[in-house]
Each structure stands twice: as C-alpha cells, then as structure tokens.
Amino acid sequence: MTDQRDPAPSPKPDRAAMVAALSALSVDSASPDGAVAVSVNTDGVMTSLRLSDAIRRLSPDEIADLVVRTYVDAQRKSAERSAELMRPLGNAGYLADRLRWRLQFEPTPQAVERRAPVDKAILRDRSADDPPRPSNTVPETDDEWYDKGMRFDPAW
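Summary of the structure given here. (Residues numbered from 1 in each chain as written. Predicted model: local features only at pLDDT ≥ 70, side-chain atom pairs only at ≥ 80, totals over all residues. Heavy atoms only, no water.)

### Remarks on the overall build of the protein
Phase 1: In terms of helices and strands, the protein carries 4 helices and 3 strands.
Phase 2: Taken from N to C terminus, the helices and strands of the protein fall in the order α-β-β-β-α-α-α.
Phase 3: For the protein, the proportion of its 156 residues judged to be buried stands at 23%.
Phase 4: Contacts in the protein between residues far apart in sequence, at least 24 positions, make up 55% of those at least 6 positions apart. (Helix = DSSP H or I, 4+ residues; strand = E, 2+ residues; numbered from the N terminus. Buried < 20%, exposed > 50% of the residue type's maximum accessible area, 1.4 Å probe, protein only. Contact = heavy atoms within 4.5 Å.)

See the structure below:
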C-alpha cells in the first residue's frame, strides 16, 4: 500500500531577504568590442554607462545602436536574475509578465549610415553671394515697418 498523504508544503519564501536581494541587484553588460558597458538595476533601469576609447572609430549612429543593444542585453540579464530571485513566489502576476516581456524584447534594428567626413574648414562658400545691403541710416518706426506688410528677407 502506498502512502497517499500530501507532500510536505514548501517553506514560505523569506520576503525580506528577497526584497533585499532585488534591491541590491545590479547587472553589467558590455558590447562585444568593449566600446560600451552598461549597468542596470532589478527594474532594468540604467544605472551606469561607460564608453571606452574604442567608440572613437564609430559613427554617432553606430554608437547609439551599440548602446541600445548593450542596454537591452543588460535588461535581459537583469530580468533573468530577478526571475530567479522571485521564483519561490510563482510565475503568475504582473511582475512575472513584465519579466517575461523583458526576456523576449528585441530592439528594432536601426539602419546605420556611414557618412563621409565633413571638411570643417569651410562650411559654406559665400564668395559668390551678393554683397550685404547698406543699412538704413534712419531707422524706421514700428508703424512704418508694419505698414509694409509681410515680407521675406533672405538674410533671416
């Protein structure tokens, strides 16, 4: 004959220890080339962003994409660790749903555009522009200005 008793109930989770562990949680993630490193807390909020000298060879678009991807990786690791800590509470409820969403989130790929370097010495060649108009020797009054109606001054 087999014993049909219910198995012993599992011990209640230590909520205070769980809250302390979740509060202290910090997860780091770095990009494969080490140019970007990010830390996030248990909520997936960025608490630290570190950029190495390796970002100097990247365009602004590439830096932005690398930061977002590294941040998402850190959030995913944070969600995994938070889920491990909360496992004794079960896997139902809003918090568990949010953790599952963070585990599955994938950022939309951004088109990274390589731009040619800009010659900063001459921003615009104005040598062929018309010479500046002489200013009025007598400033016009407000009434005179508004009486002329709408006008467009290309110098604006």
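Further notes follow.
### Some points on the pattern of salt bridges
Where charged atoms from two side chains of opposite charge approach closely, those side chains can pair.
Phase 1: Applying the stated criterion across every chain, the model contains 5 salt bridges.
Phase 2: Between aspartate 33 and arginine 57 there is a salt bridge, with its nearest N and O atoms 2.8 Å apart. Here aspartate 33, found in the loop between strand 1 (26–30) and strand 2 (36–41), pairs with arginine 57, found in the loop between strand 3 (46–51) and helix 2 (60–86); they are 24 residues apart in sequence, far enough to count as distant. (Salt bridge = Lys/Arg side-chain N within 4 Å of Asp/Glu carboxyl O.)

### Some remarks on the packing of helix 1 (residues 15–24) against helix 2
When two helices pack together, their arrangement is given by the angle between their axes and by how far apart the axes lie.
Phase 1: Interaxial distance between helix 1 and helix 2 falls to 10 Å at its minimum, and their mutual angle equals 170 degrees. As summarised for this structure, helix 1 and helix 2 are arranged roughly antiparallel, according to the angle between their axes. For the pair helix 1 and helix 2, the contacting residues are Met18, Ala21 and Leu22 in the first and Ser82, Leu85 and Met86 in the second.
Phase 2: The residue inventory of the contact of helix 1 with helix 2, partitioned by class, reads 5 nonpolar, 1 polar and no charged. (Axes fitted to C-alpha atoms, helices over the stretch in contact; angles between N-to-C directions. Parallel < 35°, antiparallel > 145°, perpendicular 65-115°, else oblique. Nonpolar A, V, L, I, M, F, W, Y, C, P; charged D, E, K, R; others polar.)

### Section: the pairing of strand 3
Phase 1: The sheet contact formed by strand 2 and strand 3 spans 5 bridges and is antiparallel. Among the inter-strand pairings, valine 36 is bridged to a residue of strand 3, identified as leucine 51.
Phase 2: Hairpin geometry of strand 2 and strand 3 is characterised by an intervening segment of 4 residues between the two adjacent antiparallel strands and by a positive phi of about 80 degrees at glycine 44. (Pairing = 2+ DSSP bridges.)

### Considerations on a nonpolar patch on the surface
Phase 1: Judged by side-chain polarity, Met46, Leu49 and Leu51 come together as a nonpolar surface patch covering roughly 240 Å² of accessible area.
Phase 2: As for its placement among the helices and strands, methionine 46 is situated in strand 3.
Phase 3: Overall, methionine 46 belongs to the partly exposed group, its relative accessible area being 30%. (Patch = residues over 30% accessible without salt bridge, like charges linked within 9 Å, V, L, I, M, F, W, Y side chains within 5 Å. Areas by Shrake-Rupley, 256 points an atom, 1.4 Å probe, with all protein chains shown as cover.)

### Section: the sheet that holds strand 3
Phase 1: If you trace the 3 strands from one edge of the open sheet to the other, you get 1-2-3, paired in antiparallel fashion. Whereas interior strands pair on both sides, the edge strands pair on one side only; in this sheet they are strand 1 and strand 3. Adjacent strand axes in the sheet meet at a mean angle of 15 degrees when their direction is disregarded.

### Re the pairing of strand 1
Phase 1: Of the two faces of strand 1, only one is covered, namely that formed by Val27 and Ser29; the face formed by Ser26, Asp28 and Ala30 stays uncovered.
Phase 2: One ladder, built from 5 bridges, connects strand 1 with strand 2; its direction is antiparallel. Each residue of the ladder has a partner; that of aspartate 28, found in strand 2, is serine 39.

### Focus on the environment of threonine 42
Phase 1: Structurally, the position occupied by threonine 42 is in the loop between strand 2 and strand 3.
Phase 2: Beyond its immediate stretch of four places on either side in the chain, threonine 42 contacts Leu22, Leu25, Ser78, Ser82 and Arg102.
Phase 3: At 2.6 Å, the side chain of threonine 42 forms a polar contact with the side chain of serine 82. (Polar contact = N/O pair within 3.5 Å; in protein donor to acceptor, adjacent residues only side chain to side chain.)

### A few points about the environment of leucine 58
Phase 1: In this structure, leucine 58 sits in the loop between strand 3 and helix 2.
Phase 2: A residue is classified by how much of its surface remains accessible, and leucine 58, at 15% relative accessible area, is buried.
Phase 3: Between the alpha carbons of leucine 58 and alanine 35 there is a distance of 9.4 Å; along the sequence they are 23 residues apart.
Phase 4: Setting aside chain neighbours within four positions, we find leucine 58 in contact with Ala35, Ile63 and Leu66.

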